[in-house]
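# A closer look at the structure
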Amino acid sequence: MTVPAVIALLPWIVLTGAVVVLMLAIAIRRSFPVAFWGTVVSLLGTLASLAWIRSDLPIAATSLLRIDAYTWFFGILLSGSALAVACLCFAYFRKRENENEEIFLLLLTATLGGMTLVASNHFAMFFLGIEILTISLFPMIAYSVRASLPLEAGIKYLVLSGLASAFLLFGMALVYGELGLLSFEQIGRLGLGLESRPLVLTGVLLILAAVGFKLSWVPFHLWTPDVYQGAPAPVTAFVATVSKSAVFALWLRFLVDVQADRSEILACLLGVLALASVLAGNLLALFQQDLKRILAYSSIAHMGYLLVALVAAGRLGHQLLSETVGFYLAAYTITSIAAFGVVSALSDDTREDANVDDYQGLFWRSPGLATTLTVALLSLAGIPLTVGFLGKFYVFAVAVEAETWVLLGAVLVGSGIGLYYYLRVVWIMLQPTEKPVPSPPLHPAAGSMLALLTGLILALGVFPQKLIEAATNELRPESVTHNDAELATVMRRLTDMAASMVSEVGPRSALPAPLQPARFSPDR
Amino acid sequence: MTLFWLLLITLVGGICAALTGLWRAEAPRIAALITLGLDLLLVLPLFAGMDSMTNQIWLLQLDWAWIPRFGIRFHLALDGLSLLLVALTLFLGLLAVGCSWTEIRERPGLFHFNLLWTLAGVLGVFLALDLFLFFFFWEVMLVPMYFLISLWGHENRAYAAMKFFLFTQISGLFMLFAILALVFLHYQSSRSLTFDYSQLLHADLDPGAARWLLLGFFLAFAVKLPAVPFHTWLPDAHTQAPTGGSVLLAGILLKTGAYGLLRFVLPLFPGAALDFAPIGLGLGGLSILYGAKLAFAQSDFKRLIAYTSVSHMGFVLVGAFAGNREALQGAVMTMLAHGVSAAALFMIAGALQERLHTREMGNMGGFWTLAPRLGAITLFFAVASLGMPGLGNFVGEFLVLLGGFRVHPGWTTVATLGLIVAPVYALVVIQKVFHGPPRLASLSDFGMRETGLMLALIAASVWMGLYPRSMLAVSEATVSALARLPAQRGT
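Please read these numbers as outputs of a predicted model, since none were measured by experiment. (Residues numbered from 1 in each chain as written. Chains lettered and ligands numbered in written order. Predicted model: local features only at pLDDT ≥ 70, side-chain atom pairs only at ≥ 80, totals over all residues.)

### Some thoughts on the overall build of chain A
When you go through chain A residue by residue, the secondary structure sums to 21 helices and three strands. Relative to its length of 524 residues, chain A is compact, with a C-alpha radius of gyration of 22 Å against a globular reference of 24 Å. Looking at chain A as a whole, 60% of its 524 residues are labelled buried. (Helix = DSSP H or I, 4+ residues; strand = E, 2+ residues; numbered from the N terminus. Rg over C-alpha atoms; globule rule 2.2 N^0.38 Å. Buried ≥ 20, exposed ≤ 12 C-beta atoms within 10 Å, placed from the backbone.)

### Remarks on the overall build of chain B
Counting its secondary structure elements, chain B contains 20 helices and two strands. Scaling as 2.2 N^0.38, a compact globule of 491 residues should have a C-alpha radius of gyration of about 23 Å, and chain B matches this with 21 Å. Here the C-alpha coordinates of chain B stretch approximately 75 × 55 × 45 Å along the principal axes. Classification of the 491 residues of chain B by burial places 61% in the buried group. Taking the intrachain contacts of chain B between residues at least 6 apart in sequence as the baseline, contacts between residues at least 24 apart amount to 81%. (Contact = placed C-beta atoms within 7 Å.)

### Some remarks on the packing of helix H5 (residues 102–119) of chain A against helix H11 (residues 233–257) of chain A
All names here are of chain A. Their axes nearest at 7 Å, the elements H5 and H11 cross at an angle of 20°. Viewed along their axes, H5 and H11 adopt a mutual orientation that is roughly parallel. As for the relative orientation of H5 and H11, their crossing is left-handed in sense. In this structure, H5 contributes Ala110, Thr111, Gly114, Leu117 and Val118 to the contact, and H11 contributes Phe238, Val242, Ser243, Ala246, Val247, Ala249 and Leu250. For the contact of H5 with H11, a count of residues per class yields nine nonpolar, three polar and no charged. (Axes fitted to C-alpha atoms, helices over the stretch in contact; angles between N-to-C directions. Parallel < 35°, antiparallel > 145°, perpendicular 65-115°, else oblique. Left-handed = near helix turned anticlockwise from the far one by under 90°. Nonpolar A, V, L, I, M, F, W, Y, C, P; charged D, E, K, R; others polar.)

### Observations regarding helix H13 (residues 301–322) of chain B
When the terminal C-alpha atoms of H13(B) are compared, their 32 Å separation across 22 residues agrees well with the 32 Å that a helix rising 1.5 Å per residue should span. Of all 22 residues in H13(B), 22 are buried, a share of seventy percent or more. (Expected span 1.5 Å × (residues − 1).)

### Here's the deal with the confidence of the model for chain B
The predicted model of chain B has a mean per-residue pLDDT of 90, with 98% of residues at 70 or higher. Of the two predicted TM-score estimates for the complex, the pTM is 0.90 and the ipTM is 0.90. (pLDDT = per-residue confidence, 0-100.)

### Focus: the packing of helix H12 (residues 270–297) of chain B against helix H18 (residues 409–434) of chain B
Residues and elements named next belong to chain B. Close contact between H12 and H18 brings their axes to 9 Å; oriented N to C, the two are set at 20°. It follows that H12 is roughly parallel to H18 by the angle criterion. Where H12 crosses over H18, the two elements pack in a sense that is left-handed. In contact with Leu281, Gly282, Gly284, Gly285, Ile288, Leu289, Ala292, Lys293, Ala295 and Phe296 of H12, H18 contributes Trp411, Val414, Ala415, Leu417, Gly418, Val421, Ala422, Val424, Tyr425 and Val428. When its residues are assigned to classes, the contact of H12 with H18 shows 15 nonpolar, four polar and one charged.

### Let's talk about the interface of chain A and chain B
Taken together, the 19 residues of chain A in the interface contact 21 residues of chain B. Every element with two or more residues in the side of chain A that touches chain B is listed here: helix H17 (387–402), helix H18 (405–430) and helix H20 (465–471) of chain A. Counted by class, the side of chain A that touches chain B contains 15 nonpolar, three polar and one charged residues.

### Focus on the pairing of strand E1 (residues 60–67) of chain B
Pairing of E1(B) with strand E2 (residues 72–78) of chain B, which is carried by seven bridges, proceeds in the antiparallel orientation. Bridge pairing in E2(B) links B:Ile67 to B:Ile72. (Pairing = 2+ DSSP bridges.)

### Quick look at the nonpolar core
Of all hydrophobic cores here, the largest spans 402 residues; its most connected members are A:Val308, A:Ala309, A:Ala399, B:Ala258, B:Val265 and B:Ala343. Looking at this core element by element, the count peaks at 19 residues for helix H14 (residues 325–356) of chain B. Once residues lying within four places of it in the same chain are set aside, the contact partners of B:Ala343 are B:Leu92, B:Leu95, B:Val247, B:Ala250, B:Gly251 and B:Leu457. (Core = buried A, V, L, I, M, F, W, Y, C linked by C-beta atoms within 7 Å.)

### Some remarks on helix H10 (residues 233–240) of chain B
Residue and element names in this part refer to chain B. Taking burial as the measure, the eight residues of H10 include eight buried ones, the bulk of the element. Among the residues of H10, Trp233, Leu234, Pro235, Asp236, Ala237, His238, Thr239 and Gln240 are the ones counted as buried. The secondary structure elements touched by the buried residues of H10 are helix H6 (142–152), helix H7 (157–190), helix H11 (243–268) and H13.

### Overview of the environment of A:Lys292
Structurally, A:Lys292 is set in helix H13 (residues 291–314). Contacts of A:Lys292, omitting those with residues within four sequence positions, involve A:Tyr228, A:Gln229, A:Thr236, A:Val343 and A:Ala354.

### Thoughts on the environment of B:Val421
All names here are of chain B. Relative to the helices and strands, Val421 resides in helix H18. A count of 18 C-beta atoms within 10 Å places Val421 in the partly exposed class. Separated by 287 residues in sequence, Val421 and Phe134 place their C-alpha atoms 36 Å apart.

### A short note on the environment of B:Trp5
Among the secondary structure elements, B:Trp5 is positioned in helix H1 (residues 2–20). For the pair B:Trp5 and B:Leu38, spaced 33 residues apart in sequence, the C-alpha separation works out to 9.9 Å.

### Here we look at unusual backbone geometry
Residue A:Pro219 is reached from A:Val218 by a cis peptide bond, and omega for that bond is 10°. Residue placement: A:Pro219 occurs in the loop between helix H9 (198–215) and helix H10 (224–230). With an omega of 10°, the peptide bond between B:Val228 and B:Pro229 qualifies as cis. Examined against the element boundaries, B:Pro229 turns out to sit in the loop between helix H9 (207–224) and H10.

### Some points on the confidence of the model for chain A
Note: predicted coordinates in regions of low pLDDT should not be interpreted at a detailed level. Residues and elements named next belong to chain A. Looking at chain A as a whole, its pLDDT mean stands at 86, while 90% of the residues score no less than 70. In the predicted structure, residues 479–487 sits below a pLDDT of 50 and forms 26 contacts with residues beyond four places in sequence or in another chain. Note on residues 505–524: pLDDT is under 50 here. Beyond four places in sequence and across chains, it has 25 contacts.

Following this line, the structure appears as structure tokens:
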């Protein structure tokens, strides 16, 4: 392995190392504050190493992982979000009696899964990343084991997620069975040929179903409100942001790398999903009484907006694609963590009040938290001065330029409905109340993180240029420098492993006899 | 830089008001007065500069880079039209602070913060020359206004605030579509991505596309104006808002819709506006008569005034789409005069509600003997509102009808009927509230503060009525340029 490749992998190495060290530390002596600070330090280390490798990009660390500016942007976003969630977790679980250090361990592995996803360039890594992420999420969702709702949510997520993984694997198997390739770049060079190869089309649709499950597009959304409601609030924040951003970033890279972004069939299908998500998400949110369920349906709608942007920008050009999706996901992530963070700060492991009536009079009980939640809701609604407005502006701009009028109409209707249920929460918070719901005192870790997030929402809403520049990246693999000549053996072993995974699912006879050596031609 | 300071002072003043509110109840009121006073000190010298201007339209400009990715610039500029409206905004802002002095007792810091931030948003709307920036301010002013209604409003404030927000925000989204489509059409023909007003003026638009774009802008402005049939949010919002909020809504926020028509719809799409004129004039005529009819049918004092606003803003719509110099000057004059008269009437209604805790005119009567100053002042503004010669509203409406008749005699005749209906609703108020046997044993008359505020408004109304030339001269350059547009660009 070459030195530049190792350096480029530093953030991943730091994160993996941190997981091991933290696990050992917990085994030796349990201490909640030490585990928290260890997590903060390792995430800061990840961020610092990301900052350090910035100038060496793009680089293909192995043929499984491609580390370029796009990866870098999402790496920063994911580890930053994980840091915010860690602060929320620290405040949320601080009163729990015993064994609460593992939440940080799971948080780090889940982040590692997400970081792997945004760098992956190969079906094997796609699957590995998504499984690392998902398997860490089950125990996180069911972390408050004494209550029934988290357990129910955990089981629900486990079962449905297992199903989605099976779909994903089967889809990959079908694509591999037809093309004999697993690397995105190589598939891209050959061309998927969705129109002419029905097996590949079926495979991609199965993959789409799995991704749709993770991103909770309608009609794959049924788990979302229950899991969001049941999971502890900081974990919900994580599921809503890190997990979604990572999977969406990967999905976009996959589409562009395998050159499926111009496929009419896929665009049409994604358009239908977008339409359904925007309308159903917003309509169903209207009938919710639980703030976490409202935010769950709103996240369905937001994933729909993002899909509108993806379909529209796909018709315009790659650069716009990464810019729009990157900006929107960053805006959505910052805003959602702030919104769930307020829910989290008002609850702890023993009691969680998420019914909207519990928020009555919040403005007069704790003005700071109420302001944060208001800013976050206005940002989700896309009101100026907040970063959410520019996100929505992007969606409108690409949809108008691509002339996708039907989708644009859906976004308009959805935004209108959305305003109503976001404002309803604001209105409830303004109402005076006679019997205030007791809430735990605000922990400084959660408080400072929420203040920071509110500041970010407003600052990026007024001065978005830096974020726009950071989100604008080249998605195409052409410009990547490859350092994997010596890596052929390692890589081939991994490809074999992936092939054996595939062969467990698909019929062996469908595999082409010789495994394509996944090497890059020397002239590249 | 003056323009930037104008916005900054107002925004910072709002924050100061919020912070000092934690200290003493009186402090935010004084902070708001100082803020608006400083703003006025910046603006008033500009009137002197208007005289020395010869042929350029923009008196002051400010153009900073903001989001270069989309060619969005922080571009503010001030011409005669903006100057008049900015002055009106600050004047009514001062009065809104004045009339809330005793009414708002809960959380005065937060109240004045929202008041000043609404004003800052409105000032931004009147100054922005970048379409993105304009939209930005257009939406920004909604949020503090929403809080003003929903926190300090009357019994049905939740419904009113929500309706106000949804109507204006959703119609605003249509405008955002139109802005984006305009920008991209301009980009396709010129290969330069810009939201700048002066460059988009020269966009080469296909007439069909221009018609759709005009519709997008018109919808947002017609909701704000409001024109029938988009007016239903207005009676609720005006009735439920606290007095200061009603003054801002009727006096200033409605004018942003009218300003949008004059600043954006007519110059950006002159050809399409010419085709659209019959519809615009029709809606204007309809608003005048329908608003007046509904005003007459109301028993709630504030609701009645709210419907008269619909009626008066119909004249602005007629003036804007009649499109010649007289009619446009009339529209500008009506905007100013209606700002003053509607603010005064809302302050009277607010004063009555503060004393009686009701707005029902059925519970009022015979107040002239109890409170003669209140009665006389109400009579003055009722008469101003019905268009008595010598007062501001008459000048505006007369000019609109004069100009409109040359373009479209049919609709203008319909609009003229408004002058007959207006005395009916205006005098009904006087009859119901001030004549007849006294319904109460006692009623405290206007005190020093209230009389002073009213005198300022009376002076403004009389000045506009007797010496309209002073205002018309300021807006002359802008209006003449607007009136020349259809001739210059043909279809």
